[in-house]
Amino acid sequence: DRRNLKMIGEVGIMKHAILLLADEDPSVVKECNKILVNLASYDEGVIILYSDQGVKLLKEVLDKSETIRYRVFDVIIDSILISDQAFEFASSAGFIPKIKAVVSTQSTGKFACVDVMTLLNARVDGKQVFLNCSSASGAVRTLSHLATRGVDDVKDRALVALAHIFSSPDVYVPDFENKTNIWFSHCQPGLVKETLQVLSLPSPPRQCAAASLLSNLALHRYGIEAITRVPGWSERLLERRYCQDREAQAQRFALILAIKRSPSLEEFTDREIINKLSKYINEGAHYRETAPTAILEL
């Protein structure tokens, strides 16, 4: 009940739930996360969670250990997922920079940190925060490492996060091309090659994540150059038999369309390949080749 939210904060339930994020019992931690995220689902509740008292307690618990730090991050990210106000409060309280700093320095796959990069760059205000962050290049470097060397689930999340980072912002950003070019220079050398290889894997969600990243890289001259430098890039991209899922087909089509529309394409590839891209586009995203009919001689 919304009328009881302020009372919940005042009687200390929020305080105990935050402090118990450091408990050794996973079931207790899970329940506390549920309580705090539920609190953030209401306008009054998110104000209580990110009040001076709530922020102070969250920061105290966050500093206890690396494991507990990620429990706090989970609460913050879950609250951001359900509340626009939570993002503003978390940014003002300094939590977003803390999470970004962890992404910039960690080589292990932490879902919370990867997911917050996606959330951050999927928002106009969040992208502005990321663009002006001194640790952005480090975050991109770590995400590219996770996208190529992480476990499968982390790879998918890292690809999605990178796709949002290299996407064009909805508002004008001075020198955006040069800024993202600098970030791209910090990526793992084999990122584009390995991302193209993902398009051939039997995993539609991973194919979609890879195509999304490559589509946004294709918006930039340096991205087109990197894609076209990979040996066999067009053959892998145009081979329809690797892609049977309709959503993955649509994402691949959007990728090919982005490459074809790039004003830099003719600089890096030949007319024959451009014509093949045009043929694919004319056939459509869900085109199916018909098997040749055998002619039997009687």
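Located above this text is the structure these notes cover.
Treat the numbers as computed from the prediction; the structure is a model and nothing was measured.

Draft legend 1. Molecular detail of the packing of helix H11 (residues 136–149) against helix H12 (residues 152–165). The interhelical angle for the contact between H11 and H12, taken along N-to-C directions, is 140°, at an axis separation of 7 Å. Our classification of the angle between H11 and H12 gives oblique. The handedness of the crossing between H11 and H12 comes out as left-handed. Across from Val-140, Leu-143, Ser-144, Leu-146, Ala-147, Thr-148 and Arg-149 in H11, the residues of H12 making contact are Val-154, Lys-155, Ala-158, Leu-159, Ala-161, Leu-162 and Ile-165. When the residues that make up the contact of H11 with H12 are grouped by side-chain class, the tally is 10 nonpolar, two polar and two charged.

Draft legend 2. Geometry of the environment of Val-114. In this fold, Val-114 is placed in helix H9 (residues 111–121). Measuring from C-alpha to C-alpha, the distance between Val-114 and Ala-158 comes to 6.0 Å, with 44 residues separating the pair along the chain. Aside from chain neighbours lying at most four places away, what touches Val-114 is Leu-143, Leu-146, Arg-157, Ala-158 and Ala-161.

Draft legend 3. Structural view of the nonpolar core. Ranked by size, the top nonpolar core spans 55 residues in total, and within it Phe-166, Val-192, Trp-233 and Ile-259 carry the most contacts. The element best represented in this core is H12, accounting for seven residues. Once residues lying within four places of it in the same chain are set aside, the contact partners of Phe-166 are Val-140, Thr-180, Trp-183, Phe-184, Cys-187, Leu-213, Asn-216, Leu-217, His-220 and Tyr-222. Judged by nonpolar contacts, the second largest core, of 33 residues, contains Leu-36, Val-72, Phe-87 and Ile-96.

Draft legend 4. Focus on the pattern of salt bridges. Using the criterion set out here, one finds 10 salt bridges in the structure. For Glu-225, the salt bridge identified is with Arg-221, shortest N-O distance 3.9 Å. Highlighted residues: Glu-225 and Arg-221, both in helix H16 (residues 221–228), separated by four residues, approximately one helical turn. Judged by its relative accessible area of 39%, Arg-221 is partly exposed. Across the salt bridge formed by Arg-240 and Glu-283, the nearest N and O atoms sit 3.2 Å from each other. Here Glu-283 lies in helix H20 (residues 271–283) and Arg-240 lies in the loop between helix H17 (233–238) and helix H18 (246–261), a separation of 43 residues in the sequence. Owing to a relative accessible area of 12%, Arg-240 belongs among the buried residues under this scheme. Overlapping salt bridges bring together Arg-221, Glu-225, Arg-229 and Glu-267 as one network.

Draft legend 5. Looking closely at the side chain of Asp-156. The topology assignment puts Asp-156 in helix H12. Overall, the relative accessible area of 16% leaves Asp-156 in the buried class. In contact with Asp-156, other than residues within four places in its own chain, are Arg-206 and Ala-209.

Draft legend 6. Structural view of unusual backbone geometry. Of note, Asp-175 is a non-glycine position whose phi angle comes to about 60°, a positive value. By the secondary structure assignment, Asp-175 is in the loop between H12 and helix H13 (176–185). On the basis of relative accessibility, which here comes to 45%, the residue Asp-175 falls in the partly exposed class.

Draft legend 7. Representation of the packing of aromatic side chains within the structure. Inspection of every chain in the model, using the stated rule, returns five aromatic pairs. Plain terms: the ring middles of Tyr-70 and Phe-73 are 5.8 Å apart, the flat faces sit at 85° to each other, and that makes the pair edge-to-face. Remark: Phe-73 and Tyr-70 occur in helix H6 (residues 66–82); sequence separation between them is three residues, near one turn of the helix. Each of the two residues, Tyr-70 as well as Phe-73, counts as buried. Geometrically, the ring pair formed by Phe-166 and Phe-184 is edge-to-face, given 6.2 Å between the ring centres and 85° between the ring planes. Placement of Phe-166 in the loop between H12 and H13 and of Phe-184 in helix H13 is noted, with a sequence separation of 18 residues between them. Of the two residues, Phe-166 and Phe-184, neither departs from the other in class, the shared state being buried. Grouped by ring-pair contacts, the aromatic residues Tyr-50, Phe-89 and Phe-95 constitute a single cluster. A cation sits over an aromatic face here: Lys-59 above Phe-95, 5.8 Å from the ring centre. The ring of Tyr-280 has Arg-240 sitting right over it, with the charged end atom 3.7 Å from the ring centre.

Quick notes on the rules
- Residues numbered from 1 in each chain as written.
- Predicted model: local features only at pLDDT ≥ 70, side-chain atom pairs only at ≥ 80, totals over all residues.
- Heavy atoms only, no water.
- Axes fitted to C-alpha atoms, helices over the stretch in contact; angles between N-to-C directions.
- Helix = DSSP H or I, 4+ residues; strand = E, 2+ residues; numbered from the N terminus.
- Parallel < 35°, antiparallel > 145°, perpendicular 65-115°, else oblique.
- Left-handed = near helix turned anticlockwise from the far one by under 90°.
- Contact = heavy atoms within 4.5 Å.
- Nonpolar A, V, L, I, M, F, W, Y, C, P; charged D, E, K, R; others polar.
- Core = buried A, V, L, I, M, F, W, Y, C linked by side-chain atoms within 4.5 Å.
- Buried < 20%, exposed > 50% of the residue type's maximum accessible area, 1.4 Å probe, protein only.
- Salt bridge = Lys/Arg side-chain N within 4 Å of Asp/Glu carboxyl O.
- Phe/Tyr/Trp six-rings, centres within 6.5 Å; stacked < 30°, edge-to-face > 60°.
- Lys NZ or Arg CZ within 6 Å of the ring centre and 35° of its normal.

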